[in-house]
Amino acid sequence: MPASPPTASKSPCPQPLLGQKLLDWYDRHHRDLPWRTTPAAHAKGERADPYRVWLSEIMLQQTTVEAVKAYFRKFTERWPTITELSAADPDDIMKAWAGLGYYSRARNLKKCADLVVAAHQGKFPESEAALKALPGIGDYTAAAIASIAFDIPAAVVDGNVERVISRVFTVETPLPAAKPEIRELVAATMPEARAGDFAQAMMDLGATICTPKRPVCLHCPLRDDCLALRQTDPERYPLKAPKKERPSRQGAAFVAQRSDGAVLLRKRPSSGLLAEMAEVPTTAWTAKQDGDTSTNSAPFAAAWRFSGQVKHVFTHFELRLDVYHASVPDMVIQNGWWTPITEIHEEALPTVMKKAIEAAIPSATKRSIKQA
DNA sequence: CAGGCGTGGAG
DNA sequence: TCTCCAAGCCT
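- The name an unreviewed UniProt entry gives chain A is Adenine DNA glycosylase, with Limoniibacter endophyticus as the organism.
- The annotation that UniProt attaches to chain A under Function (unreviewed entry) is "Adenine glycosylase active on G-A mispairs. MutY also corrects error-prone DNA synthesis past GO lesions which are due to the oxidatively damaged form of guanine: 7,8-dihydro-8-oxoguanine (8-oxo-dGTP)."
- Per its UniProt entry, chain A bears the Sequence similarities (unreviewed entry) comment "Belongs to the Nth/MutY family."

In structure tokens, the structure reads:
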């Protein structure tokens, strides 16, 4: 009699059994999230609203579930359908997105909504390829919408899936080079039915059990199949290419305040960092270049007084801003506008700018103080 | 295809 | 304080 099946060899043909185990786990342990419909509802033939799936997936790109929840509620209450979103003022969309980061997502959101309304009669196209052709929708998001909204079998690969798969199959190739290999393994693991539930099950498993640090392998539905666990060190996976160090930049920000308290703002250029967002005047710092930290580059001469220093970390560099404040007379400003201090929180201000204003005018950006 | 592109929370 | 990172996309 031949010996039992080969042990820890890396199977070139993963068992679809894994997929079923994962679905069984998902039926009992899925997270309830505002943009989701339940497995039970799917079993009755109900699907999630593609608009809500799309909106949530865009917001969730490189962003935590907790951070997204409030924004998702705000957007769906204000713009319940893609038609209404398409009809919105782009500046209102930027204001509503302010604080969530990666602002090209918000600009593409509007472009995508316009395209779906104009070219697709307000309905999202029901294929991966057609979805991927839309602005802001890449490999991951196209597969996610296709599977979750339309139940199309698509290999959904995000950071969670990369982690789960690389552990279960001990993928030794470092990311991002391992992506194609991981995609193949996902495709081979996918069950034939319940594409959307499977995708969300993989992501839930990665988010709650197969976490980056201290995974809870004892509760994992795949613990008997996981090669990394068998090797005793799941945290070793996924292997990643070494990261580069983050450079440091500096500049100055100028908070000008009129006698009635209004603050001078202007709009950033339409491309590059924080494109089309609002800002207080600053020196010309960029991701690659420092700006002046003195008052030499102030927007106009005034009694600028140093308010303090603000530190902010972007993905690819960190910024230290010297913040100056001045009380100034009424004046007309080109390329800018005055915003009452009580309405400052409604502007499309990125977090770094809120920090700068806060340094110059304590409590200015705190919504709760405004009626005082 | 490597680099540009935000933010806030966890450890 | 510092490091890592969370459901990536675009050029």
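### Observations concerning the pattern of salt bridges
Step number 1: All told, the structure shown has 17 salt bridges when counted by the stated rule.
Step number 2: Residue Glu172 is joined to Arg236 by a salt bridge in which the shortest nitrogen-to-oxygen separation is 3.0 Å. Pair noted here: Glu172 is in the loop between helix 10 (159–168) and helix 11 (179–189) and Arg236 is in the loop between helix 13 (227–230) and strand 1 (248–257), with a separation of 64 residues, a long-range link.
Step number 3: The exposure class assigned to Glu172 is partly exposed, which follows from its relative accessible area of 33%.
Step number 4: For Arg236, a relative accessible area of 40% gives the class partly exposed.
Step number 5: Of the charged contacts, one joins Asp290 and Arg249 as a salt bridge, the two residues approaching to 3.9 Å between their closest N and O atoms. Of this pair, Asp290 sits in the loop between strand 3 (278–279) and strand 4 (305–313) while Arg249 sits in strand 1, and the two are 41 residues apart along the sequence.
Step number 6: On the basis of relative accessibility, which here comes to 34%, the residue Asp290 falls in the partly exposed class.
Step number 7: Three or more residues joined by partner-sharing salt bridges are found here, namely Asp27, Arg194 and Asp197.

### Description of the domain arrangement of chain A
Step number 1: Here chain A is partitioned into domain 1 (17–236) and domain 2 (248–369).
Step number 2: Centre-to-centre separation of domain 1 and domain 2, based on C-alpha positions: 36 Å.
Step number 3: Taken together, the contact between domain 1 and domain 2 spans eight residues of the former and twelve residues of the latter.
Step number 4: Carbon and sulfur atoms make up 55% of the area that domain 1 and domain 2 hide from each other, which totals about 780 Å².
Step number 5: Per-residue buried area on domain 1 facing domain 2 is highest for Lys95, Tyr103 and Arg107; these three make up 53% of the total on that side.
Step number 6: Residue Asp91 pairs with Lys267 through a salt bridge whose shortest N-O separation is 3.1 Å.
Step number 7: Summed over the shared surface of domain 1 and domain 2, the number is three residue pairs in polar contact (both at pLDDT 80 or more).
Step number 8: A class-by-class count of the residues in the side of domain 1 that touches domain 2 yields four nonpolar, one polar and three charged.

### Examining the protein's contact with DNA strand C
Step number 1: If you check the shell around DNA strand C, you find 25 residues, and the closest are Gln62, Gly136, Thr141, Asp158 and Asn160.
Step number 2: Among the atoms of DNA strand C lying within 4 Å of the protein, the sugar-phosphate backbone contributes 65%.
Step number 3: Arg31 has a polar side-chain atom sitting 3.1 Å from a base nitrogen of DNA strand C.
Step number 4: The set of elements that each furnish at least two residues to the surface near DNA strand C consists of helix 3 (50–60), helix 9 (139–150) and helix 10.
Step number 5: For the surface near DNA strand C, a count of residues per class yields nine nonpolar, eight polar and eight charged.

### Quick look at the protein's contact with DNA strand B
Step number 1: Taken together, 21 residues are adjacent to DNA strand B, and Lys244, Leu274, His312, Thr315 and Thr351 come closest.
Step number 2: Here DNA strand B approaches the protein such that, of its atoms within 4 Å, sugar and phosphate make up 63%.
Step number 3: One of the backbone nitrogen or oxygen atoms of Tyr102 is found 3.1 Å away from a sugar or linking oxygen of DNA strand B.
Step number 4: Interatomic distance of 2.3 Å between a side-chain N/O atom of Lys244 and a phosphate oxygen of DNA strand B.
Step number 5: Of all the secondary structure elements, the ones that give two or more residues to the surface near DNA strand B are strand 4 and helix 14 (351–360).
Step number 6: Of the residues belonging to the surface near DNA strand B, the class tally is ten nonpolar, nine polar and two charged.

Parameters and conventions
- Residues numbered from 1 in each chain as written.
- Chains lettered and ligands numbered in written order.
- Predicted model: local features only at pLDDT ≥ 70, side-chain atom pairs only at ≥ 80, totals over all residues.
- Heavy atoms only, no water.
- UniProt positions renumbered as here; feature names shortened; annotations may be inferred.
- Salt bridge = Lys/Arg side-chain N within 4 Å of Asp/Glu carboxyl O.
- Helix = DSSP H or I, 4+ residues; strand = E, 2+ residues; numbered from the N terminus.
- Buried < 20%, exposed > 50% of the residue type's maximum accessible area, 1.4 Å probe, protein only.
- Domains from an automatic or database assignment.
- Contact = heavy atoms within 4.5 Å.
- Buried area = accessible area lost by both parts, 1.4 Å probe.
- Polar contact = N/O pair within 3.5 Å; in protein donor to acceptor, adjacent residues only side chain to side chain.
- Nonpolar A, V, L, I, M, F, W, Y, C, P; charged D, E, K, R; others polar.
- Near = heavy atom within 4 Å.

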